[in-house]
Amino acid sequence: MLVLITYDVNTTTDAGKRRLRLVAKQCQNYGQRVQNSVFECLLDAGQMRHLKERLGGLIDTETDSLRFYYLGNRWRERVEHIGAKPSIDLEGPLIA
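Every value quoted in this text rests on a predicted model; they were computed, and no experiment measured them.

(A) Molecular detail of the overall build of the protein chain. Across its full length, the protein chain holds two helices and four strands. The N-to-C order of helical and strand elements in the protein chain reads β-α-β-β-α-β. Evaluated residue by residue, the protein chain yields a buried proportion of 29% over its 96 residues. Excluding contacts between residues fewer than 6 apart, the proportion of contacts in the protein chain whose partners are at least 24 apart in sequence is 63%. Of the roughly 6800 Å² of accessible surface on the protein chain, 49% is carried by carbon and sulfur atoms.

Below, the structure is given as structure tokens:
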């Protein structure tokens, strides 16, 4: 299933800046960045559970937030792109 993950991490402290880097790195391990704090991740249920647990453990729930948009397996019918920065084929080979 395709999951769109968005996050907002408070970066007014050094700890917040570190959390931001850690959250971005975890998301990069599972998908592609499509905006500064937005990732598209093609995951199965187990991967989603693991990533959600990891991200939840990284953020400060008092100041940061995570949002998960589940687009499902028919995501190609639900995603439209206009403009620069074309996306990669999430189901294609990782190395070209």
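(B) Up close: the sheet that holds strand β4 (residues 65-72). Overall, antiparallel pairing links the four strands, which are arranged β2-β3-β1-β4 in an open sheet. With one partner strand each, in any of the chains shown, β2 (31-35) and β4 form the two edges of the open sheet. Neighbouring strand axes in the sheet, compared pairwise and without regard to direction, differ in orientation by 25° on average. In this sheet, β4 lies alongside strand β1 (residues 2-8) in antiparallel orientation, the contact comprising seven bridges. Counted as the bridge partner of Ile5 is Phe68 from β4. Where helix α2 (residues 45-58) meets the sheet, it contacts β1, β3 (38-42) and β4, and its direction lies at approximately 170° from that of β4.

(C) The pattern of salt bridges, seen in detail. Taken as a whole and judged by the stated rule, the model has one salt bridge. Two residues, Asp64 and Arg19, come together in a salt bridge whose shortest N-O distance is 2.7 Å. Taken together, the residues span a long stretch of sequence, with Asp64 in the loop between α2 and β4 and Arg19 in helix α1 (residues 14-30) at a distance of 45 residues. Each member of the pair, Asp64 together with Arg19, is buried.

(D) Spatial organisation of the nonpolar core. Membership of the largest hydrophobic core comes to 16 residues, with the highest contact counts inside it found for Ile5, Tyr7, Val23, Cys27, Leu55 and Phe68. Sorting the residues of this core by element identifies β1, α1, β3, α2 and β4 as the ones contributing at least two each. Residues contacting Tyr7, with those up to four places away along its chain left out, are Leu20, Val23, Ala24, Cys27, Arg33, Asn36, Ser37, Phe39, Ser65 and Leu66.

(E) Seen up close, α1. Taking 1.5 Å of rise per residue, 17 residues should cover 24 Å, and α1 covers 25 Å from first to last C-alpha, within 8% of that figure. Listed as buried for α1 are Gly16, Arg19, Val23, Ala24, Gln26 and Cys27. Around the axis of α1, the buried residues are gathered within 160° of arc, so they sit on the same side. Projecting away from the buried face of α1 at angles above 90 degrees are the exposed residues Asp14, Arg21, Lys25 and Asn29.

(F) Representation of the packing of aromatic side chains within the structure. Within this structure, the stated rule accounts for one aromatic pair. Both rings, one in Tyr7 and one in Phe39, keep their centres 6.2 Å apart while their planes meet at 20°; by these two values the pair is stacked. Of the two residues, Tyr7 sits in strand β1 while Phe39 sits in strand β3, which places them 32 residues apart along the sequence. Of the two residues, Tyr7 and Phe39, both sit in the buried class. In this structure, Lys52 packs its charged tip against the face of Phe68, placed 5.7 Å from the ring centre.

Conventions and cut-offs
- Residues numbered from 1 in each chain as written.
- Predicted model: local features only at pLDDT ≥ 70, side-chain atom pairs only at ≥ 80, totals over all residues.
- Heavy atoms only, no water.
- Helix = DSSP H or I, 4+ residues; strand = E, 2+ residues; numbered from the N terminus.
- Buried < 20%, exposed > 50% of the residue type's maximum accessible area, 1.4 Å probe, protein only.
- Contact = heavy atoms within 4.5 Å.
- Areas by Shrake-Rupley, 256 points an atom, 1.4 Å probe, with all protein chains shown as cover.
- Pairing = 2+ DSSP bridges.
- Axes fitted to C-alpha atoms, helices over the stretch in contact; angles between N-to-C directions.
- Salt bridge = Lys/Arg side-chain N within 4 Å of Asp/Glu carboxyl O.
- Core = buried A, V, L, I, M, F, W, Y, C linked by side-chain atoms within 4.5 Å.
- Expected span 1.5 Å × (residues − 1).
- Arc of directions from axis to C-beta.
- Phe/Tyr/Trp six-rings, centres within 6.5 Å; stacked < 30°, edge-to-face > 60°.
- Lys NZ or Arg CZ within 6 Å of the ring centre and 35° of its normal.

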